[in-house]
Every structure is written in C-alpha cells, then in structure tokens.
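A look at the structure
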Amino acid sequence: LEREADIARQAAAPVEGGVHPIALLRAIDAGLPDDAVVVADGGDFVATASYVLSPRGPLGWLDPGPFGTLGVGAGFALAAALSRPGAEVWLLWGDGSAGYSLQEVDTFVRHALPVIAVVGNDAGWTQIARDQVRILDDDVATVLRPTDYERVAEGWGGAGARIDGPEDVPAALERARAASRRGLPVVINARIARTTFREGSISI
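**So, the side chain of Asn121**
Its place among the elements puts Asn121 in strand β4 (residues 116-121). Separated by 3.1 Å, the side chain of Asn121 and the backbone oxygen of Thr147 make a polar contact. The residues contacting Asn121, other than those within four sequence positions of it, are Asp95, Arg145, Pro146, Thr147, Tyr149, Asn189, Ala190, Arg191 and Ile192.

**What about unusual backbone geometry?**
For Leu59, which is not glycine, the phi torsion reads 60 degrees and is therefore positive. Judged by its relative accessible area of 60%, Leu59 falls in the exposed class. One non-glycine residue, Asp137, lies in the positive phi region at around 55 degrees. Examined against the element boundaries, Asp137 turns out to sit in the loop between α7 (126-136) and α8 (149-155).

**Digging into the packing of helix α1 (residues 2-11) against helix α2 (residues 21-31)**
Packing of α1 against α2 leaves a shortest axis separation of 7 Å and a crossing angle of 115 degrees. It follows from the interaxial angle that α1 and α2 lie roughly perpendicular. In this structure, the crossing between α1 and α2 has a hand that is left-handed. Packed against α1, whose contacting residues are Ile7, Ala8, Gln10 and Ala11, the element α2 presents Ile22, Ala23 and Arg26 at the interface. Of the residues that constitute the contact of α1 with α2, the class distribution is five nonpolar, one polar and one charged.

Calculation notes
- Every residue gets a number counted from 1 within its own chain, in the order that chain's sequence is written.
- Reporting in this predicted model follows two pLDDT cut-offs: at least 70 for local features of residues, and 80 or more for side-chain atom pairs to be given and counted; totals over whole chains, interfaces and linings ignore these cut-offs and use all residues.
- Side-chain metrics rest on all non-hydrogen atoms present in the structure, leaving aside hydrogens and water.
- Numbering goes from the N terminus for both helices and strands, where a helix is a DSSP run of H or I of at least four residues and a strand is a run of E of at least two.
- Any pair of N or O atoms that falls within 3.5 Å is considered a polar contact. Within protein, one atom must be able to donate a hydrogen and the other to accept it, and sequence-neighbouring residues count only if both atoms are side-chain atoms.
- Residue contacts follow a heavy-atom distance rule, with two residues in contact if any of their heavy atoms lie within 4.5 Å.
- Only protein chains enter the accessibility calculation, which uses a 1.4 Å probe; a residue is then buried when its area is under 20% of its type maximum, exposed when over 50%, and partly exposed in between.
- In this description, a line fitted to the C-alpha atoms serves as the axis of each element, helices being fitted only across the stretch in contact, and the angle between N-to-C directions of two axes falls anywhere from 0 to 180 degrees.
- For classification, angles of less than 35 degrees are called roughly parallel, those exceeding 145 degrees roughly antiparallel, those between 65 and 115 degrees roughly perpendicular, and all remaining angles oblique.
- When the near helix sits turned anticlockwise from the far one by under a right angle, the crossing is termed left-handed; a clockwise turn instead gives a right-handed crossing.
- The nonpolar class holds Ala, Val, Leu, Ile, Met, Phe, Trp, Tyr, Cys and Pro. Asp, Glu, Lys and Arg form the charged class, and all remaining residues, Gly among them, are polar.

What follows is the structure, encoded as structure tokens:
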C-alpha cells in the first residue's frame, strides 16, 4: 500500500514536455475491461507499466519475458486479437521497440484486428540512456526523433490519436476505444515526459 501511495503521488507531480507516464498508465488501467489483454514491448515505459497496470486475469499480461527480447509486441497482439475475438487488446510500445514491428499495423488493418497500441514517445532509448549518460557522459545511439506515430498508423489505414499533455488523455483514450469498436486498429502517440521513477534500475 505504501508503494501504491508513492506511485499515486508521483503520477500527480508536475512534469515538463508531455504527460507523466504514470498518470497516463493509471488512466489506461482505470478503463480496462475484465477481458482486456495487455501486451508489453519496450524498456522504460513498459517497465513503468508493470508497476501500474493490473492484469485482469490469466494471460492478461504478455511481455518479452526474462530476457527482455524487444520486437515481440505486434506478434503477441496479433495472436491475442485472433485468439480472443471481441476482447480489448492493448499493445504498449516504447518508441524504441515500436521500430521493430510498427509496420504490423498494416497487418492489423488487413485482418480487421482492432488492437489499440500506445507508443510511449520520449524520443529516446531511455532505459539505456539513463546509465549510459551517467557513466560515459555520452548519449550516442540513444536519441530518437519525436516521430508522429499516429500518422504512420493513419497511412496504413488505421486510426491515430495524439497525447501532448495530460489534458489530451481522456479524449485520446475514448477516441481509440471508439475506433477499436468500429474494427480499426489504433496507434496513440503519447508524448511522455522523462521522470526519475526508475532511477537506479539496472539495464544491460
């Protein structure tokens, strides 16, 4: 209970440059139905989600496993949507891991699989950068562009939504759910702020 209270306090803390990732994840968790399947594929954003989102039942949380193999997200979401038709399937991508399988939005569209994907977009490989910059004083290969991932989804025939700050969250989540109910896959481009929530975590 003490840890949960601390997470709630951090979610309410002011941030610059986007929405607080914990606040966003708490909003997603609050609306998950009992049949929801959450697929997690990423580093810092997804590791944060593991503290915040509550699986709704057996096989309600799918992730890369103990080896942290990135890139499994779209395949897992595809399988979840096919094996549980009618269930709400959420795919959480870090912006780094999204680069491995974002093109599968085209597959979702072609097979009418209404996956809701959320890209935690802080324009970087943050889990790696945190220690790399501290130890080596160099951010080489950890910096990404703040890509408009929602437009990529729209280009493939899916739906897109964008979150630039906390005020955008309710409408973006509702727009995504509405599109999913119509049978469209959705990509929510969530511009998240960088926080110290996972400071001290070890990444190799």
